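Each chain, letter by letter, is given below.
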Amino acid sequence: MIIKFLEQNGPANTRVIYEYVNRHDKNGIQSHALSNVLSKNPSIKATHTERVKGITDNSYELTVWKVD
């Protein structure tokens, strides 16, 4: 599911992938489990990090992933 999403939509950060999986999979996934899947799958590579704003105007970095 994640590989197909990245192939169709191009690189995406962890939050976008998390929201997609939880919207389209009846079981969903927890964020720490998603990070584990992304980092251990040899077909998926981290490209860079990007800074995003949170709800309270704090910003934080998320990893951007792509299919290799």
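Attention in this report is confined to the structure presented alongside it. Computed from a prediction, not measured in an experiment: that's the story for all the values here. (Residues numbered from 1 in each chain as written. Predicted model: local features only at pLDDT ≥ 70, side-chain atom pairs only at ≥ 80, totals over all residues. Heavy atoms only, no water.)

### Quick notes on the sheet that holds strand E1 (residues 12-13)
Step number 1: With antiparallel pairing, three strands are arranged side by side in an open sheet as E1-E3-E2. Two strands in the sheet have a free side with no partner beyond their single neighbour: E1 and strand E2 (44-53).
Step number 2: Of the pairings in the sheet, the one linking E1 to strand E3 (residues 59-67) comprises two bridges and is antiparallel in character. Of the residues in E3, the one forming a bridge with Ala12 is Trp65.
Step number 3: Against the sheet, helix H1 (residues 2-9) makes contact with E1, E2 and E3, and its axis sits at roughly 90° relative to E3, the strand it touches most. (Pairing = 2+ DSSP bridges. Helix = DSSP H or I, 4+ residues; strand = E, 2+ residues; numbered from the N terminus. Contact = heavy atoms within 4.5 Å. Axes fitted to C-alpha atoms, helices over the stretch in contact; angles between N-to-C directions.)

### Some thoughts on the packing of aromatic side chains
Step number 1: For the structure on display, the rule yields one aromatic pair.
Step number 2: Taken together, a centroid distance of 4.3 Å and an interplanar angle of 25° make the contact between Phe5 and Tyr20 stacked. Linking Phe5 in helix H1 with Tyr20 in helix H2 (residues 14-24), this pair joins segments that are 15 residues apart in sequence. Exposure class is identical for Phe5 and Tyr20. Each is buried. (Phe/Tyr/Trp six-rings, centres within 6.5 Å; stacked < 30°, edge-to-face > 60°. Buried < 20%, exposed > 50% of the residue type's maximum accessible area, 1.4 Å probe, protein only.)

### Re the pattern of salt bridges
Step number 1: On inspection of all chains with the given rule, the structure shows one salt bridge.
Step number 2: Residue Glu61 is joined to Arg51 by a salt bridge in which the shortest nitrogen-to-oxygen separation is 3.5 Å. On the criterion of sequence distance, the pair formed by Glu61 in strand E3 and Arg51 in strand E2 is long-range, its members being ten residues apart. (Salt bridge = Lys/Arg side-chain N within 4 Å of Asp/Glu carboxyl O.)

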